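What follows is the residue order along each chain.
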Amino acid sequence: LQHFPDPAGVFWTLAVEEQFYLLWPAVVLLVPRRAFVPLVVALILSAIVFRGATALLTPIKYGTLLPANLDSLCGGALLAALHQKNANLKQIAVILTALAIAAAIFLPQKQLDEANVTLLSSQSRLAMVLYGMAAVHFAATWTGAKALAFLRFAPLTYVGKISYGVYLYHLFVSHFFNMAGLSVPVLAGFVLKSGLTILVATVSWFAFE
């Protein structure tokens, strides 16, 4: 809540995603196949440069704009493109893991200014997103469907189905507790807020989404 005192603050992601979804089909249709992967890599790098440059040049936070989030959005496109090309995803995952570990090691240093932290955290975030996606792909490819049987556990898949609603509404639930002056122990608060958030997300899923 420190970053988004207004519980609707997280809705900025809806705007960014909608902009991406509106533009990306044209990229997929119009960009030649041979130029697609280089373009995606360039867009990923451009997002890291954009965040670093804006952190250096201005006190205004631009992290909620589309250019600042192209690395995460294009990360999935890159993984899909490499999968189509039968690239060695195992090596890619190892490289991404190394990047994430390197970023985690450097981040705690107090000497880092905001621009450096922005760059390193960007690399770590992108690396972990792609590594997680690649890891699921490896488990399915190497060891067969049984390795991912736990992912078909009904309660888990249900939470996955309503997870976007959970993300959108969880701050509203916390805000409600704060506005009502409800003070509960941390563990009990976590259970109550989680249960209420899942309930609200369920209603949203069936009644709206």
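Right, let's get into the overall build of the protein. Tallying secondary structure elements over the protein gives 8 helices and 0 strands in all. Ordered by position in the sequence, the α and β elements of the protein form the string α-α-α-α-α-α-α-α. Out of the 209 residues in the protein, the part that is buried amounts to 27%. Across the protein, the fraction of contacts at a sequence separation of at least 24, relative to all contacts at a separation of at least 6, is 68%.

One pass over the full model with this rule turns up 7 aromatic pairs. With a centroid separation of 6.4 Å and 75° between ring planes, the pair formed by F50 and Y62 is classed as edge-to-face. Remark: Y62 occurs in the loop between α2 (33-57) and α3 (70-84) and F50 occurs in helix α2; sequence separation between them is 12 residues. Classification of Y62 by relative accessible area gives partly exposed; the value is 30%. Look at Y164 and Y167: their rings are 5.7 Å apart centre to centre, the planes differ by 55°, and that puts the pair in the tilted class. With a gap of 3 residues between them, Y164 and Y167 both fall in helix α7 (residues 163-179), about one helical turn apart. Residue class for Y167 comes out partly exposed when judged on its relative accessible area of 28%. Of the aromatic side chains, those joined through ring pairs into one cluster are F20, Y21, W24 and F36. The side chain of R33 reaches across the aromatic face of F36, ending 5.2 Å from its centre. Of note, K193 hangs over the ring of F177, and the distance from its end group to the ring centre comes to 5.5 Å.

With that out of the way, let us pick up a nonpolar patch on the surface. A cluster of nonpolar side chains, contributed by F150, L151, F153 and L156, occupies part of the molecular surface with about 400 Å² of accessible area. Note on placement: L151 falls in the loop between α5 (114-143) and α6 (154-161).

In this model α7 runs 24 Å from its N-terminal to its C-terminal C-alpha over 17 residues, within 8% of the 24 Å that 1.5 Å per residue would give. Residue Y169 marks the point of greatest curvature in α7, where the axis turns by about 40°. Taken residue by residue, α7 has G165, L168, L171, V173, S174 and F177 as its buried positions. G181, located one to two residues past α7, shows a positive phi value of around 70°.

This part covers the packing of α7 against helix α8 (residues 186-207). As a packed pair, α7 and α8 sit with axes 8 Å apart at the nearest point and diverge in direction by 130°. By the criterion of interaxial angle, the relationship of α7 to α8 is oblique. Regarding α7 and α8, the two cross each other, and that crossing is right-handed. On α8, the residues that touch G165, V166, Y169, H170, V173, S174 and F177 of α7 are L192, K193, L196, T197, V200, A201 and S204.

Let's shift gears to the confidence of the model for the protein. Predicted confidence across the protein gives a mean pLDDT of 77, with 67% of residues reaching 70 or more. Confidence over residues 108-112 falls short of pLDDT 50; this stretch has 4 contacts with residues more than four positions distant or in other chains.

Here we take up the environment of H170. Topologically, H170 is positioned in helix α7. Under the relative-accessibility criterion, H170 is labelled partly exposed at 31%. H170 sits 160 residues away from V10 along the chain, and the two C-alpha atoms are 9.9 Å apart.

Procedures and definitions
Residues numbered from 1 in each chain as written. Predicted model: local features only at pLDDT ≥ 70, side-chain atom pairs only at ≥ 80, totals over all residues. Heavy atoms only, no water. Helix = DSSP H or I, 4+ residues; strand = E, 2+ residues; numbered from the N terminus. Buried < 20%, exposed > 50% of the residue type's maximum accessible area, 1.4 Å probe, protein only. Contact = heavy atoms within 4.5 Å. Phe/Tyr/Trp six-rings, centres within 6.5 Å; stacked < 30°, edge-to-face > 60°. Lys NZ or Arg CZ within 6 Å of the ring centre and 35° of its normal. Patch = residues over 30% accessible without salt bridge, like charges linked within 9 Å, V, L, I, M, F, W, Y side chains within 5 Å. Areas by Shrake-Rupley, 256 points an atom, 1.4 Å probe, with all protein chains shown as cover. Salt bridge = Lys/Arg side-chain N within 4 Å of Asp/Glu carboxyl O. Expected span 1.5 Å × (residues − 1). Bend = angle between axes of the 7 residues up to and from the residue. Axes fitted to C-alpha atoms, helices over the stretch in contact; angles between N-to-C directions. Parallel < 35°, antiparallel > 145°, perpendicular 65-115°, else oblique. Left-handed = near helix turned anticlockwise from the far one by under 90°. pLDDT = per-residue confidence, 0-100.

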